[in-house]
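# Descriptive structure summary
The primary structure of each chain is shown beneath.
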Amino acid sequence: MARLKVENLSFSFGYDTILEEMDFEINEGEVVSIVGPSGGGKTTLLRLCAGLLDRQDGKIENSFTTQSIAFQDPRLLPWKNVIDNIAFGLKAMGVSTEEREKRAKEIALKFDLEESDFDKFPKELSGGMSQRVSFARALVTKPKLLFLDEPFSALDIGLKRELQNHIMELIAKKEITIFFITHDIMEAIRLSDKILLLSPDPVGKIVKEFTFDTPQPKRDNEYVYSQTAKILSDRDIIETFELEFK
Ligand SMILES: Nc1ncnc2c1ncn2[C@@H]1O[C@H](COP(=O)(O)OP(=O)(O)O)[C@@H](O)[C@H]1O
Ligand SMILES: [Mg+2]
């Protein structure tokens, strides 16, 4: 079974220690979320795990054969149209031009982009459309491991739910493993098997782990709200997010 295993990982920018002694693993088919306040090192941790940042101390073992990333900002290539942006990763995999186009169009339609949008360039797209393209691009390659760095944060509530539902389908079919970064606890509860709380104070460390056994598709609003209420009264959460009333 494929897994991502992080062992005794520490990381500094210059003299600033950002992460210290991180230990966790993500097994195939799991959704693991990292929650924590802004500036706490979540993106740094994701970049290390995805191999976008060079490791300093500790070990990262990643045995997934394919992976992709979606960020909070869509990061599309401005000189490529919608379909070519989506198909970009397929090209690197050696998929033929014809097949690339076919798959890119299929997934674009699935993500509610319209045929009249296919030839548009990023500057002609709304924020929501760009985010749909970004998601389609991350998923068109059918990655075994998906890194998500607050991909829903800037979206309106409808689009957020729609994209979450796409992800939910993949989760339900056990087709994907997800390393999910968010500062939205409710969103983490909806999607995760496990939530790791990353506390930045005094340095980034995982201080708590919450696990959820109810299968994701069975988590209705009532479940999500009640779990959220429970977690928001957790001492470590209150301290980490500074939720205390003064
Ligand atoms: N390239 C960089 N060079 C120096 N410091 C950085 C760099 N990237 C992030 N940092 C610092 O590392 C800390 C953690 O940042 P980040 O991982 O982006 O946190 P989060 O994603 O939780 O908001 C912050 O203090 C940030 O200023
Ligand atoms: Mg971040």
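Higher on the page you've got the structure.
As the structure is a prediction and not an experimental result, all values here were calculated from the model.

## Structural notes on the pattern of salt bridges
One side chain can pair with another of opposite charge once the charged atoms of both are near each other. Counted by the stated rule, this structure contains 21 salt bridges. For the salt bridge of Lys-105 with Glu-101, the shortest nitrogen-to-oxygen distance reads 3.3 Å. Within this pair, Lys-105 and its partner Glu-101 are both found in helix H3 (residues 97-110), separated by four residues, close to a single helical turn. Taking relative accessible area as the criterion, Lys-105 reaches 32% and is therefore assigned partly exposed. The exposure class of Glu-101 is partly exposed, given its relative accessible area of 36%. Among the charged side chains, a network of salt bridges with common partners joins Arg-3, Lys-5, Glu-25 and Glu-61.

## Looking at the environment of Val-224
Secondary-structure assignment places Val-224 in helix H7 (residues 221-232). In sequence terms Val-224 and Glu-239 are 15 residues apart; their C-alpha atoms lie 22 Å from each other. Sequence-distant contacts of Val-224, defined by excluding residues within four places in its chain, comprise Met-186, Ile-189, Arg-190 and Arg-219.

## Some thoughts on the nonpolar core
Side chains of nonpolar character tend, in soluble globular proteins, to be buried together. Ranked by size, the top nonpolar core spans 37 residues in total, and within it Ile-86, Leu-139, Ile-167 and Ile-178 carry the most contacts. Elements supplying a minimum of two residues to this core: helix H2 (82-92), H3, helix H4 (127-139), strand E6 (145-149), helix H5 (157-172) and strand E7 (177-182). Inspection of this core shows a minimum of three residues originating in each of domain 1 (1-65 + 145-246) and domain 2 (76-143). Once residues within four sequence positions are removed from consideration, Ile-167 is found in contact with Phe-135, Leu-139, Leu-146, Leu-148, Phe-152 and Ile-178. With 27 residues, the next largest nonpolar core counts Phe-11, Leu-45, Leu-46 and Leu-53 among its residues.

Rules of the game
Residues numbered from 1 in each chain as written. Chains lettered and ligands numbered in written order. Predicted model: local features only at pLDDT ≥ 70, side-chain atom pairs only at ≥ 80, totals over all residues. Heavy atoms only, no water. Salt bridge = Lys/Arg side-chain N within 4 Å of Asp/Glu carboxyl O. Helix = DSSP H or I, 4+ residues; strand = E, 2+ residues; numbered from the N terminus. Buried < 20%, exposed > 50% of the residue type's maximum accessible area, 1.4 Å probe, protein only. Contact = heavy atoms within 4.5 Å. Core = buried A, V, L, I, M, F, W, Y, C linked by side-chain atoms within 4.5 Å. Domains from an automatic or database assignment.

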